[in-house]
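Examination of the molecular architecture
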Amino acid sequence: MENQHEQLASLDQKHFLHPTTSIKQQQATGPDFIFTKGKGVRLTDIKGRTVIDGMSSLWNVNIGHGREEIAQTAYEQMKTLGYSSCFATFSNEPAIQLAAKLAEIAPGNLSATFFTSGGSESNDTAYKLARHYWMLKGQPKRKKIISRSQSYHGVAVGATSATGLKPFRDFTNSLAPDFCYVDHFSPEALRQMIEREGPETVAAYIAEPVQGAGGLHIAPDGYFKEIRSICDEYGILFITDEVITGFGRTGTYFGVDHYGVAPDMMCFAKGVSSGYAQLGGVMISENMHNDFKQLSEGTLLHGYTYSGHPTACAVALKNLEILERENLINNARVMGEEMLKGFQKIQSLRSIVGDVRGLGLMGAVEIVKNKETKERFAEPFAPKVVAEAAKRGLICRSVVFDGQDTLVFAPPLVINSEEMNELISILNDAIEAVE
Ligand code: PLP
C-alpha cells in the first residue's frame, strides 16, 4: 500500500494540476492522502488510514459517503438514459421532477430553475440572468452587482469578479466589470453604496446566508431583513448564494430560512446532490419568471451542455429523498448545537482559542496568540492545527485570508453524538499539541 501510494503520488506530481493548491507544495510533498473509499462521516486512503471528514469534503457530502442507494439510482439512470440535451424542445423526467421538487422546498416564491454543473456556473448564470432581466424591463443601465467583503462565489470569471476575498481576484489580471464590494455586516454601507453608485445602475445584491470559505461569518440579527427592505426600496434584485448553506447544512432547508426573508434569485449546488454528481442551479421567483415569459423575445442565449443532466438530476432527487427520510436537517440542527458546545469546551481548556461560532453544521474556531486582546500570531497558526488534526484522524480546513486565523468545520449531516465527541476530542488534542 505504501508502495502504491508512492507510485500514484509521483504520477500526481507529474500530471495533475490540483484545484486551489500550492503547486510548489504539491511538488515538494505530493498528496498526503489518496482517498480510495468513504462510508458515512469517514474517508479511507490507499495506505489504509481512516479519517473523519470534518468538512464533508468541500462542504458538500451532506448525506455522507458510500451511499449504495445513490449508486443504484445513477446506475439505473445511466442504463436507461445517461444523458440527453435540454435545449429547445427537449427535456427529461429527472430534470422536470427535480425542478418541481425545488419549487416545493425553496424559500418564498422561487419557482423555476436553470440547471448548471456547480456553484461557479450558478453564480455566472445568476449575474447574466439578472442583467438580462433588466434589459428586458427597459432598464439596461442596471448592470452592477454588489457583493460582500469576505464573500466567496466561485472561480468562473463572473463568480471571481463577485468574490469579496481579494486574493482570488488578484490571482488573475482581468475580470468582469461592474462589480462592487460592501462591508459584510452593514446594511447602512449597502445603502450608501447604492446611493453613491446610483440606484438606476444596480442590478442585484448577492450574499451567502452564512459566509463559508471567507471564514464562516454569521450575519448579525436583523441584517437580512434590513437588506431585503433596502433591495425593495431601490428595486434591486436580492440574490442568495446557498451553494454551501442549502440542503440542510445550517439546520434548516436553506440558510436564509433562519432569517425570515426570501430572495428573488437563489444559487445552489453542492448539497443538492451531496457531491455524488456535478450539479448546481439558479432559481428565480415566480414574478421574475412571469416577466421573462411576457418580455422575452428569441432564444435565451445561455445554456450549458449539462444543464438538466438526467443522471445528475436523478441522483439529486434520491439525495433529497434520503435527506428527508432520515430527518437529516433536524440532525444537523441537533448535532450543530453539540458541535458548538464542544468548541466552547475547547475554548475553556486551550490557551490559543479565541472566538468560536456556528450555525447548524457549519462551525469555526479562531486561533489567537492572546485570548484577552485577541492578538493573532505573526504567521497563521491554524494550518499547524489542521496538520496535527489530520495526523490524528480528522480533516478540517484553515482560513487565513485578510489576517484571519480560523479553523472551519462542516461534517456530514449524518454525524452522530459518538462521532461528534471524537471530532471534538481530536481537535482538542491537535490544538494542545501545538499551543
Ligand atoms: N458559492 C459559494 C458560497 C461557495 O462556497 C462555492 C464553493 O465553495 C461556490 C459558490 C463555487 O462552487 P463550485 O466550486 O461548485 O464552482
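Residues numbered from 1 in each chain as written. Predicted model: local features only at pLDDT ≥ 70, side-chain atom pairs only at ≥ 80, totals over all residues.

Spelled out, the test is: UniProt positions are given in the numbering used here, feature names are shortened, and annotations may be inferred rather than shown by experiment.
For the protein, an unreviewed UniProt entry supplies the name Aspartate aminotransferase family protein and the organism Fictibacillus iocasae. The UniProt entry for the protein carries the following text under Sequence similarities (unreviewed entry): "Belongs to the class-III pyridoxal-phosphate-dependent aminotransferase family."

**A few points about the site of the ligand**
Worth spelling out the cut-off: Throughout this description, a residue near a molecule or strand is one whose C-beta atom, derived from the backbone, lies within 6 Å of it. Counting from the N terminus, the helices are the DSSP runs of H or I reaching at least four residues and the strands are the DSSP runs of E reaching at least two. Gly is put with the polar residues, along with every residue not named as nonpolar or charged; the nonpolar set is Ala, Val, Leu, Ile, Met, Phe, Trp, Tyr, Cys and Pro, and the charged set is Asp, Glu, Lys and Arg.
Around the ligand, the structure places 14 residues, and the nearest of them are Gly118, Gly119, Ser120, Gly154 and Val243. Looking at the shell around the ligand, the element that brings in the most residues is helix H6 (residues 119-136), giving three residues. Counted by class, the shell around the ligand contains five nonpolar, seven polar and two charged residues.

**Some details on the nonpolar core**
Put simply, the rule reads: Note on definitions: a nonpolar core is a set of buried residues drawn from Ala, Val, Leu, Ile, Met, Phe, Trp, Tyr and Cys, linked by C-beta atoms within 7 Å. Counting other C-beta atoms within 10 Å of a residue's own tells you its class, since 20 or more makes it buried, 12 or fewer makes it exposed, and anything in between is partly exposed; those C-beta atoms are placed from the backbone. Residue ranges for the domains originate in an automatic or database domain assignment. Once C-beta atoms have been placed from the backbone, residue pairs whose C-beta atoms lie within 7 Å are recorded as contacts.
Counting residues in hydrophobic clusters, the biggest one holds 111 residues, and the most contacted among them are Ala130, Tyr205, Ile239 and Ala316. Among the domains, domain 1 (32-63 + 327-434) and domain 2 (69-325) are the pair contributing at least three residues each to this core. Excluding residues within four positions of it along the chain, Ile239 makes contact with Ala126, Ala130, Ala204, Tyr205, Ile206, Pro263, Asp264, Met265, Met266 and Cys267.

**Overview of the domain arrangement of the protein**
Split by domain assignment, the protein resolves into domain 1 (32-63 + 327-434) and domain 2 (69-325). Averaged C-alpha coordinates put domain 1 and domain 2 at centres separated by 27 Å. Elements represented by at least two residues in the side of domain 1 that touches domain 2 include exactly helix H3 (56-59), helix H13 (328-349), strand E13 (353-359), strand E14 (362-367) and strand E17 (406-409). Among the elements that take part in the side of domain 1 that touches domain 2, H13 stands out by supplying five residues, more than any other. Residues of the side of domain 1 that touches domain 2, tallied by class, amount to 15 nonpolar, seven polar and three charged.

**Some thoughts on the sheet that holds strand E5 (residues 144-148)**
Put simply, the test is: Two strands qualify as a pair provided that DSSP identifies no fewer than 2 bridges between them. What counts as an axis is a line fitted to C-alpha atoms, over the stretch in contact for a helix, and the angles between N-to-C directions run from 0 to 180 degrees.
With mixed pairing, the seven strands of this open sheet are ordered in space as E4-E12-E11-E10-E7-E5-E6. In the strand order of this sheet, the two ends are held by strand E4 (110-116) and strand E6 (179-182), each with one partner. Ignoring strand direction, the axes of neighbouring strands in this sheet form an average angle of 20°. In this sheet, strand E12 (residues 280-285) lies alongside E4 in antiparallel orientation, the contact comprising six bridges. The partner of Phe114 across the bridge, within E12, is Val282. Set on the sheet, helix H5 (residues 93-105) makes contact with E4 and E12; between it and E4 the angle comes to about 135°. Contacting E4, E5, strand E7 (202-207), strand E10 (237-241), strand E11 (265-268) and E12, H6 runs over the sheet at an angle of about 30° to E12.

**Digging into helix H14 (residues 382-392)**
Heads up, the rule is: Directions pointing from the helix axis toward each C-beta atom define the arc.
Regarding H14, the residues found buried are Ala382, Val385 and Ala389. Each buried residue of H14 sits inside an arc of 55° when the element is viewed along its axis, so together they form one side. Turning to H14, the residues buried within the fold contact E14, strand E15 (394-395), strand E16 (397-399), E17 and helix H15 (417-434). Just beyond H14, the residue with positive phi is Gly393, at close to 105°.

**Comments concerning the pairing of E14**
Of all the six residues making up E14, six are buried; the element is thus mostly covered by neighbouring parts of the structure. Here E14 shows two buried faces, one formed by Met362, Ala364 and Glu366 and the other by Gly363, Val365 and Ile367. Sheet analysis places E13 next to E14, joined by five bridges and oriented antiparallel. Its bridge partner lying in E14, Val353 is registered against Ile367. Here E13 hands over to E14 after two residues, with Gly360 in that stretch at a positive phi of 55°. Sheet topology note: the E14/E17 ladder contains four bridges and is antiparallel. The residue of E17 that forms the bridge with Gly363 is Phe409.

**Description of the sheet that holds E14**
Strand order in the open sheet made by the four strands is E13-E14-E17-E16, with antiparallel pairing throughout. A strand with exactly one partner marks an edge of an open sheet, and here the two such strands are E13 and E16. Across the sheet, the mean angle from the axis of one strand to that of its neighbour is 25°, orientation sign disregarded. Lying over the sheet, H13 contacts E13, E14 and E17, oriented at roughly 175° with respect to E13.

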